[in-house]
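Examining the three-dimensional arrangement
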Amino acid sequence: MSTPLALIVDDEPDIRELLELTLGRMDIETRSAANLTDARRLLDETGFDLCLTDMRLPDGDGLELVEYIQQNNPDLPVAVVTAHGNMETAVQALKAGAFDFVSKPIDLHLLRNLVKGALKLGSFPARDRRSRDTLLGDSAIMQTIRSTIAKLARSQAPVYISGESGTGKELVARLIHAKGPRSDAAFVPVNCGAIPAELMESEFFGHKKGSFTGAVADKEGLFQAADGGTLFLDEVAELPLHMQVKLLRVIQEKAVRPVGEQKEIPVDVRVLSATHKNLSALVDSGDFRQDLYYRINVIELKVPSLHQRREDIPQLAAHILARLTADQPGAGPTLGQDALEALQRHDFPGNVRELENILERALTLCDGQEIQRGDLALPETAGDNRPDQPPEQLLSPPEGVPLEEYLETIERQAILHALEQTGNNKTAAAKVLGITFRAMRYRLKKLGLE
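Residues numbered from 1 in each chain as written. Predicted model: local features only at pLDDT ≥ 70, side-chain atom pairs only at ≥ 80, totals over all residues. Heavy atoms only, no water.

1. Quick notes on the sheet that holds strand β7 (residues 100-103)
An order of β2-β1-β3-β6-β7 is seen for the 5 strands of this open sheet, with the pairing classed as parallel. The open sheet has two edge strands with one neighbour each: β2 (29-33) and β7. On average, each strand axis in the sheet is inclined to that of its neighbour by 20 degrees, with strand direction left out of account. Here strand β6 (residues 78-82) runs beside β7; their pairing, made up of 4 bridges, is parallel. (Pairing = 2+ DSSP bridges. Helix = DSSP H or I, 4+ residues; strand = E, 2+ residues; numbered from the N terminus. Axes fitted to C-alpha atoms, helices over the stretch in contact; angles between N-to-C directions.)

Okay, structure coming up:
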């Protein structure tokens, strides 16, 4: 393999020397420029594998160089060196297309990790970054999503994944991780709404033995577990305000301080976040910090709802049915034409997750090898126009299905629908159903929905 070549752009000789020595010890050749003009000339003359640029240059700024590289050589990863605490500049650079940033005074450990990640991009051919077989759908909107994921995988910028509940936001986050240079390291998903507020700091940042009652040993936090990889903050809107402050500091400083520890520990983590809620509205209402919103929302990726891509339903349904029947001997049931047409007319408030639930229920209810429209039990089929069958008979279980099993299916459907309506908030779903939270937990456990 040829020796990597990096371009260093900085008007301070001491910084240039530090960067040259550090990269030289990593067996990376370097060329240097003290201003924007010389940097552009070198970029035009030489093929580089990486560019490191200061933001303040005598004849311009690093943002201009980032934009120049994006226009003329978009596959070249460029990282910016920013003044300490100047996150606004770093965010600007990431939005413009920078791979990552490092703050002065330069932490050499973080710098080495940044350089290793940038050089890994060259080993990811375009075909390996495709995700058509994982993120299903041939609609135009899904083709755009897959193309965007391939681009985002090449960056270290924080990405905010928005979309309705059940659209596959975690799947998108996993693909961004898997298609990028961090794929060999851990992908750590965490549901921010599932951690008790009093345990959040310990869960996220770890703790030292004896730092509080019950801390019988040192514990690694989620950020340390994701070091070198990706931390996915699902339902980030559920973070209490005191944790939002601490998360903001970690993102800015790239370091965590475990509970009971006196010093901060550097961490190299890419943060991806998601929620089905409207974060912008929560910022306006004061429930989510504006400064944190701008840090995690450097780039927003909107995952489309299922009703926005109805043409993908046949492919999705076939894939789900194949997965659900994979352990059965022989070919599993397929969708009849009337069932498929009913699915394509359905609004799917629960999106792909709801489609999975509907098909799982239909497999239980159907007779034979073809799923009929009535097996789907969609809301619009409750009054199915079968004049030869009185309404009370529609409540009877299909032939061969025990009553208890049929009632469990209806109960499961009602609970899942309530959870979809309330964004998986169990307390709110219990109120919708008119039962106590304790009864809700019992039913979830009984039906295997916990």
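2. Observations regarding the pattern of salt bridges
Taken as a whole, this structure holds 21 salt bridges when the rule is applied. A salt bridge links R295 to E88; its shortest N-O distance comes to 3.2 Å. Taken together, the residues R295 in helix α12 (residues 290-296) and E88 in helix α4 (residues 87-96) connect sequence positions 207 residues apart. Using a relative accessible area of 48% as the deciding quantity, one classes E88 as partly exposed. Taking the shortest distance from any N to any O, the salt bridge between E264 and R249 comes out at 2.9 Å. (Salt bridge = Lys/Arg side-chain N within 4 Å of Asp/Glu carboxyl O. Buried < 20%, exposed > 50% of the residue type's maximum accessible area, 1.4 Å probe, protein only.)

3. Focus on the sheet that holds strand β13 (residues 270-275)
Read across the open sheet, the 5 strands follow the order β9-β10-β13-β8-β14; overall the sheet is parallel. Edge positions in the open sheet fall to β9 (187-191) and β14 (299-302), since each of these has one partner strand only. Direction aside, neighbouring strands of the sheet carry axes that sit 20 degrees apart on average. Here strand β8 (residues 159-162) runs beside β13; their pairing, made up of 4 bridges, is parallel. Counterpart to I161 in the pairing with β13 is A274. Helix-sheet contacts for helix α6 (residues 140-152) involve β8, β13 and β14, and the interaxial angle to β14 is about 155 degrees. (Contact = heavy atoms within 4.5 Å.)

4. Some thoughts on the nonpolar core
Of all hydrophobic cores here, the largest spans 32 residues; its most connected members are F204, F223, L231, L233, L239, L279 and F288. Looking at this core, the elements with two or more residues in it are β9, α8 (200-205), α9 (222-225), β10 (230-234), α10 (241-253), α11 (279-285) and α12. The element that contributes the greatest number of residues to this core is α10, accounting for 5 residues. Ignoring any residue separated from it by four or fewer positions in sequence, one finds F204 in contact with V190, C192, I195, G221, L222, F223, Q224, L233, L239 and M243. M55, Y68, V78 and L94 belong to the second largest nonpolar core, which has 29 residues in total. (Core = buried A, V, L, I, M, F, W, Y, C linked by side-chain atoms within 4.5 Å.)

5. Quick notes on unusual backbone geometry
K104 connects to P105 through a cis peptide bond whose omega is -10 degrees. Of note in this structure, K254 is not a glycine but carries a positive phi near 55 degrees. As for its placement among the helices and strands, K254 is situated in the loop between α10 and β11 (255-256). Its identity is not glycine, yet F348 carries a phi of approximately 55 degrees, on the positive side. One can find F348 in the loop between α14 (337-345) and α15 (351-365).

6. Here's the deal with a nonpolar patch on the surface
Residues L403, L407 and I410 make up a contiguous nonpolar surface patch of roughly 270 Å² in combined accessible area. The residue L403 is located in helix α17 (residues 403-421) in this model. Here L403 falls in the exposed class, since its relative accessible area comes to 51%. (Patch = residues over 30% accessible without salt bridge, like charges linked within 9 Å, V, L, I, M, F, W, Y side chains within 5 Å. Areas by Shrake-Rupley, 256 points an atom, 1.4 Å probe, with all protein chains shown as cover.)

7. A closer look at the packing of helix α18 (residues 426-433) against helix α19 (residues 437-446)
Between α18 and α19, whose axes approach to 9 Å, the crossing angle comes to 100 degrees. Compared by their axis directions, α18 and α19 come out roughly perpendicular. Facing K426, T427, A429, A430 and L433 of α18, the residues of α19 in contact are F437, M440 and L444. Of the residues belonging to the contact of α18 with α19, the class tally is 6 nonpolar, 1 polar and 1 charged. (Parallel < 35°, antiparallel > 145°, perpendicular 65-115°, else oblique. Nonpolar A, V, L, I, M, F, W, Y, C, P; charged D, E, K, R; others polar.)

8. A look at the packing of helix α3 (residues 62-72) against α4
At a minimum axis separation of 9 Å, α3 and α4 run at an interaxial angle of 10 degrees. Considering the angle they form, α3 stands roughly parallel to α4. Between α3, through L63, V66, E67 and Q70, and α4, the contact on the second element is made entirely by Q92, A93 and A96. Here the residues of the contact of α3 with α4 sort into 4 nonpolar, 2 polar and 1 charged.

9. Examining the confidence of the model for the chain
This prediction gives the chain a mean pLDDT of 86; 91% of its residues lie at or above 70. Every residue in residues 125-129 scores below 50 in pLDDT, and together they form 5 contacts with partners more than four places removed in sequence or on other chains. Low pLDDT, under 50, characterises residues 381-394; the predicted model gives this stretch 6 contacts beyond four residues in sequence or across chains. (pLDDT = per-residue confidence, 0-100.)

10. Things to note about the side chain of D100
Counting through the fold element by element, D100 comes out in strand β7. Polar side-chain contacts of D100 include one of 3.3 Å to the side chain of K254. (Polar contact = N/O pair within 3.5 Å; in protein donor to acceptor, adjacent residues only side chain to side chain.)

11. Structural notes on helix α13 (residues 313-324)
Given 3.6 residues to a turn, an α-helix orients residues that are three or four positions apart in the same direction. With 12 residues, α13 extends 16 Å between its outermost C-alpha atoms, agreeing within 8% with the 16 Å of an ideal straight helix rising 1.5 Å per residue. Considered for burial, the residues of α13 that qualify are I313, L316, A317, I320 and L321. An end-on view of α13 places all buried positions within 130 degrees of arc, on one side of the element. On its buried face, α13 is in contact with β15 (334-335), α14, α15 and β16 (370-371). (Expected span 1.5 Å × (residues − 1). Arc of directions from axis to C-beta.)

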